[in-house]
Amino acid sequence: TEFGKGASRRTRRAGRVPAVMYGQGSENRHFTLPGHELMIALKTPNALISLAGLGGKPLLALPKSVQRNAIKGEIEHVDLIEVRRGEKVTVEIPVRVSGDVFSGGLLDQQLVQISVEAEATHLPDGVDVDVEGMEVGTAVHAGDIALPSGTTLVTDPEALVLHVISAPTVDLGETEGEAAEGEAAEGEAAAEAPAEAGAE
C-alpha cells in the first residue's frame, strides 16, 4: 500500500522483500515476500513459486529478475511473472559438464546456459554433458545435447556449446643437460684458441 525508498527500507528491516508480479493480461501486482523463504527458493534455477494470500487460489510465478545488495548479497527486490499450469514458458537452464577430456586436450566451454521451452510446472534444472575422454577437435553443439522429455530447444541447434582444443605448449628454453653441453663446448674452443695463434 506504500511505495518509495523509505517504505522499501522498512519492509526489508521487517525481514520481507518488495516484489512485483507481471500478470496474465491483468495489472501488475505489488506485494512483499518473506525474505528467508524467498532466498531458499531462489537457490534453485527457475524456481516455480506458489504465492498464497493474494486472494483466491494460490498463483504460480517464475522469477524474472532479482536485485541483490552488492556487498551483503541480500535480496532487495524481485520481479516475477505469473504462469499457469500447463503453460509453456522459455527459460535459461545451466549446462553442467562432467569428466576429463583426453590427455593433451583443453576444454573450451562457449555456453554455460541454453534456452529451452518447457511446461511451467516441469522445468528442468539443467542438462548434463559428459566430456570424459573427448579428443582434440571434438565439439558439442546445442542440438547434440539430450533434453528431458517434454523440453524443446530454443537456442540455435548449431550454436557451439563446448569443444576440445589442443593444450598450449610452453617453451622453457634449453634443458639443464643442453646448457651444460653448451658450456663445455665453449670451454674447449677457448682452450684451443691460444695454440692456433702460436702455430701462426
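Residues numbered from 1 in each chain as written. Predicted model: local features only at pLDDT ≥ 70, side-chain atom pairs only at ≥ 80, totals over all residues. Heavy atoms only, no water.

Chemist: Can you walk me through the overall build of the protein chain in this structure?
Modeler: Assigned secondary structure in the protein chain consists of three helices and twelve strands. For the protein chain, with 200 residues in total, the buried portion stands at 28%. Taken as a whole, the protein chain presents about 13100 Å² of accessible surface, with 51% of it coming from carbon and sulfur. (Helix = DSSP H or I, 4+ residues; strand = E, 2+ residues; numbered from the N terminus. Buried < 20%, exposed > 50% of the residue type's maximum accessible area, 1.4 Å probe, protein only. Areas by Shrake-Rupley, 256 points an atom, 1.4 Å probe, with all protein chains shown as cover.)

Chemist: Looking at this structure, how should I read the sheet that holds strand β12 (residues 160-166)?
Modeler: Adjacent strands of a sheet form backbone hydrogen bonds with each other and so pair up, either parallel or antiparallel. With respect to topology, three strands assemble into an open sheet ordered β7-β12-β10, the strand pairing being antiparallel. Two strands lie at the open edges of the sheet, namely β7 (105-109) and β10 (139-141), each paired on one side alone. The average undirected angle you get between the axes of adjacent strands in this sheet is 15°. Note that β7 and β12 share five bridges and pair antiparallel. Looking across to β12, one finds that G105 is bridged to S166. (Pairing = 2+ DSSP bridges. Axes fitted to C-alpha atoms, helices over the stretch in contact; angles between N-to-C directions.)

Chemist: How should I be thinking about the side chain of E82 in this particular structure?
Modeler: Mapped onto the elements of the fold, E82 is located in strand β5 (residues 75-83). Excluding residues that lie within four positions of it along the chain, E82 makes contacts with M21, Y22, G23, Q24, S26, L59, L60, A61 and E87. (Contact = heavy atoms within 4.5 Å.)

Chemist: In this structure, what is going on with the pattern of salt bridges? I would like to understand it.
Modeler: Any two side chains of opposite charge can pair, given that their charged atoms come close. Taken as a whole and assessed by the stated rule, the structure comprises two salt bridges. The shortest N-O distance in the salt bridge between D125 and R96 comes to 3.5 Å. With D125 in the loop between β8 (113-119) and β9 (127-130) and R96 in strand β6 (residues 88-98), this residue pair connects regions lying 29 residues apart in the sequence. The partly exposed category is assigned to D125, whose relative accessible area is 43%. (Salt bridge = Lys/Arg side-chain N within 4 Å of Asp/Glu carboxyl O.)

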